[in-house]
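Chain residues, written in single-letter form:
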Amino acid sequence: MRARYPDVEGFADVEGVKIGYEVFGQGDTTVLLVPPWAIAHSRVWKMQVPYLARHYRVVTYDPRGNGRSDRPVGPESYSIGPRTADLLAVMDATDTASAVLVSLSLGASASVQVAADHPDRVQGQVLINPGTIVSPFTEDRLPWLFGFEQELDSYEGWAKENAHYWQRDYRGFVEFFFANMFPEPHSTKQIEDSIGWALETTPETLADTRRGFSLDMGIDILGLCARVRCPSLVIQGTDDRIVGPGAGAALADLIEGATLVELEGSGHGSLARDPVKVNSIIRDFVATVVPPAPARTAWRRGRNRPKRVLYVSSPIGLGHARRDVAIADELRALHPDIQIDWLAQHPVTTVLEERGERIHPASAFLANESSHIEGECGDHDLHCFQAWRRMDEILCANFMVFHDLVGAEPYDLWIGDEAWELDYYLHENPEQKRAAYAWLTDFVGWLPMPDGGEHEAGLTTDYNAQMIEHIDRFPRVRDRAVFVGAPGDIVGDPFGAGLPAIRDWTEQHFEFSGDYITGFAPDALADREALRHGLGYRPDEQVCIVTVGGSGVGAALLRRVIDAFPLAKAAVPGLRMVVVAGPRIDPASLPAADGLEVLAYVPALYRHLAACDVAVVQGGLTTTMELTAARRPFLYFPLGHHFEQTFHVPHRLARYGAGRRMDFATSAPDVIAAAIAEEVGRPVDYRPVDPAAAARVAASLAELL
């Protein structure tokens, strides 16, 4: 799922060649993102588009040879003339009279050409790691640039940039190329994305593009650059192994008044690997080229400000919302004058709106993470780790919302409850920290699924290693790190080969709430007879609550349990089954059955769970811990390929002696019905859940205020 989809899509026609374009957002200022070499397409800008489109009108297009654009045959179709014509044609097709051009790599050649030949159409240009005929390239690559057609005895290193090798092992070249494009550690996702884009074209087409470059060698680059009059900014990574770290300086020296910004340690793919910095540089540059309209601002002296907290609560399910409002209540008890703003999205906002919490208006700009997760799921199957990796552009877009918000409004404390984008990008950009910051989570450590093999084990190890390095390098970023639970709730597995044990490392770097935070006191629900009466449940019926939490990934389980209902009712006279679809599943989409109740979102669902005789749930931590705290029997079905529900949650539940784990794949309706009959009303002896956990966390956070 994308973080933002285009408002307009279309094609420009350049002498019969179709060039696919997309337009995002609105505004008087257009930022046109010029694509690089056809080894990739316009999705290389996925970390920039959502952010820039909140401030400007943004146009992207695919280079001829990849994406939605045509793939003409012959080197002459890929020389600078046609590439420049493509840019101008896209401007015409999108009614763009003038724009700020932002280019990557080879796109710089077209940007400079248009800026020189059509000055009225270019308000300014940003050239990221520019690839032009003055690029020095690197000592490793340079010798092979002119041997593209030569058959070789060996194709090691940059010798892979060869027409004969591409026919033999195109993927091998692509993998090599992007490993060099992203030399920064922990770049597995950027490399994976780029390989996928490169495989959308063919070695034959890419060879034509490569031969087309040789036709540009006679360009009068000195004359072109001398005719550029618009403001120009060059961004150059100092570890650029594609065009060489001197490429930016070489071009900037030729353009009068050009500014050079070097990104120390960044490679050729700076826009993907360092998106927060690149996004900020682009926006600051556009603001100097096209100053924004004057705005009224206000400032309040620090001593006159109320204590302000910005709370960022993960939208993946409703569990975070319930524990976060419990912590917020305890914070207010300690600091009655604090103002808590929530940066949140559906379904978390459902809980917050019920309680009258202040949801910051900037929340409207957040890309929906729950929708992405739902789009990744199958029938009771969600490859959680891979789904999270594929959410990278959404996480970046949402961090940029946070970035703009805290840049405009002062806060005393930021709290992130599994707000992964916040924690990751603050450690990647520690200079962004301008308030006390607390991080909350109920699990630590990505774990591979067994069928993922060595590849997935390598990926989870790499992600864990990056997190460990972040904390070791920048311990000042997190003023508090709180694990919602006790040390015994943490799995004993290692983070990966050569890395420490998860529990040992977490004990060294986290505080502990002592127990899970359910948001309610079990003692307040101890009178089950009164509770059941108040909720409308009769003494002579056996109540089975079926719920899958706040996300939309549980529809398959709901249908399977509904199919089991007639069998369960036959086995348990007086059985009453209430299916709670939640805020993201339409009850009308579920099957009907005689005597079955299907409800949408139910406020204070924990009360119904405490009143039930048995529950059937997914393997999510919040719902299972609510049932544990209420001491009710329950069946739980971990989602397939969901590492947290497969490993972390069962480990914690086993410590409490709670729940009966079921396997969805092998649990036909008759199996579920039999399990319901066995568990309904069964006396349990769970470890108690301490209701003081929220107060302990709040007391720790209050110290930061």
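For every chain, the first residue of the written sequence is number 1, and numbering continues from 1 along that sequence. Given that the model is predicted, a residue must reach a pLDDT of at least 70 before its local features are reported, and side-chain atom pairs must reach 80 or more before they are shown or counted; all residues, however, enter totals for whole chains, interfaces and linings. In computing side-chain values, all of the structure's heavy atoms are included and hydrogens and water are not.

Asks: Hey, could you go over the sheet that holds strand β16 (residues 542-547) for me, with residue numbers and the actual values?
Replies: Following DSSP output, two strands are said to pair if at least two bridges run between them. Helix and strand definitions here come from DSSP, where helices need a minimum of 4 consecutive H or I residues and strands a minimum of 2 consecutive E residues; each element is numbered from the N-terminal end. A sheet is described by the order of its strands in space; here six strands give the open sequence β18-β17-β16-β19-β20-β21, paired in parallel fashion. The open sheet terminates on both sides in strands that have one partner only, identified here as β18 (597-599) and β21 (660-661). Note: β16 against strand β17 (residues 575-580), six bridges, orientation parallel. Looking at β17, one finds that V543 is bridged to R576. With respect to the sheet, helix α20 (residues 555-571) is in contact with β16, β17, β19 (614-618) and β20 (634-637), its orientation differing from that of β17 by roughly 170°. In what follows, a contact means two residues having at least one pair of non-hydrogen atoms within 4.5 Å. Simply put, an axis is a line fit to the C-alpha atoms, just over the touching stretch for a helix, and the angle between two N-to-C directions goes from 0 to 180 degrees.

Asks: So what about the pairing of strand β6 (residues 122-128)? Which residues, and what values?
Replies: Here's how the labels work: a residue is buried when its accessible area is under 20% of the maximum for its type, exposed when over 50%, partly exposed in between, all with a 1.4 Å probe on protein chains only. When you tally the buried positions in β6, you get six out of seven residues, the bulk of the element. Note that strand β5 (residues 99-104) and β6 share six bridges and pair parallel. By the bridge assignment, S103 is partnered in β6 with L127. Viewed with both strands pointing away, a crossover whose connecting path from the first strand over the helix to the second turns clockwise is right-handed. Between the parallel elements β5 and β6, the chain passes through helix α3 (residues 107-117) in a crossover that is right-handed. Looking at chain direction, β6 and strand β7 (residues 232-237) are connected through four bridges and run parallel. Its bridge partner lying in β7, I128 is registered against I235.

Asks: Give a detailed account of the packing of helix α11 (residues 319-334) against helix α25 (residues 693-702), specifying residues and quantitative values.
Replies: Any two packed helices are characterised by the angle at which their axes cross and by the distance between the axes. Closest axis-to-axis distance for the α11/α25 pair is 8 Å, and the angle between their directions is 55°. Classed by the angle they form, the pair α11 and α25 counts as oblique. Seen along the crossing, α11 lies across α25 with a hand that is right-handed. Facing A326, I327, E330, L331 and L334 of α11, the residues of α25 in contact are A694, A695, V697, A698, A699, L701 and A702. In terms of residue class, the contact of α11 with α25 is built from 11 nonpolar, no polar and one charged. Comment on the angle field: the value is read as roughly parallel under 35 degrees, roughly antiparallel over 145, roughly perpendicular from 65 to 115, and oblique elsewhere. Crossings are classed by handedness, with left-handed meaning an anticlockwise turn of the near helix from the far one by less than a right angle and right-handed meaning a clockwise turn. Three categories are distinguished: nonpolar for Ala, Val, Leu, Ile, Met, Phe, Trp, Tyr, Cys and Pro, charged for Asp, Glu, Lys and Arg, and polar for the others, with Gly belonging to the last.

Asks: Can you tell me about the layout of surface pockets, naming the residues and giving the values?
Replies: Using a grid of 1 Å spacing that covers the protein atoms alone, one calls a set of points a cavity when a 1.4 Å probe fits there but cannot get out, and a pocket when the set is open and has protein on both sides within 12 Å along at least five of seven lines; lining residues are those with an atom within 4 Å of a point. Grid points are joined across faces, edges and corners, and a volume is the space filled by probe spheres set on the points. Roughly 790 Å³ of volume is contained in the largest pocket. In terms of lining, the largest pocket is formed by 44 residues, of which the most central are L106, F137, R141, L145 and F213. Counting only elements with at least two residues in the lining of the largest pocket, the list comes to α2 (80-93), α3, α4 (163-181), α5 (188-198), α6 (203-214) and α7 (221-226). The leading source of residues in the lining of the largest pocket is α6, at four residues.

Asks: How would you explain the packing of aromatic side chains if you had to name every residue and give the values?
Replies: Aromatic rings from Phe, Tyr and Trp, with only the six-membered ring used for Trp, were paired whenever their centres fell within 6.5 Å, and each pair was classed as stacked if the ring planes differed by under 30 degrees, edge-to-face if by over 60, and tilted otherwise. A full pass over the atoms with the stated rule returns 33 aromatic pairs. Ring plane angle 10° and centroid distance 4.5 Å describe the contact between Y311 and W342, whose orientation is recorded as stacked. With Y311 in strand β9 (residues 308-313) and W342 in strand β10 (residues 339-343), this pair connects stretches of sequence that are 31 residues apart. The exposure classification of Y311 matches that of W342, with both residues buried.

Asks: How would you summarise the pattern of salt bridges if you had to cite specific residues and measurements?
Replies: By definition, a salt bridge exists where a carboxyl oxygen of Asp or Glu is found within 4 Å of a side-chain nitrogen of Lys or Arg. Scanning the entire structure with this criterion turns up 53 salt bridges. For D613, the salt bridge is made with R528, and the minimal N-O distance between the two is 3.9 Å. Separated by 85 residues along the polypeptide, D613 in the loop between α21 (605-611) and β19 and R528 in helix α19 (residues 528-535) bring together distant segments of the chain. Judged by relative accessible area, which is 8%, D613 ranks as buried. Given the relative accessible area of 22%, R528 is considered partly exposed. D685 is the partner of R631 in a salt bridge, and the nearest nitrogen-oxygen pair spans 3.7 Å. Of this pair, R631 sits in the loop between α22 (621-630) and β20 while D685 sits in the loop between α24 (669-679) and α25, placing them 54 residues apart in sequence. R631 sits in the partly exposed class, given a relative accessible area of 30%. Several salt bridges converge on common partners, so that one network encompasses R538, D540, E541, R576 and E597.

Note that every value here comes from positions in space, so none of it alone points to a role or purpose.
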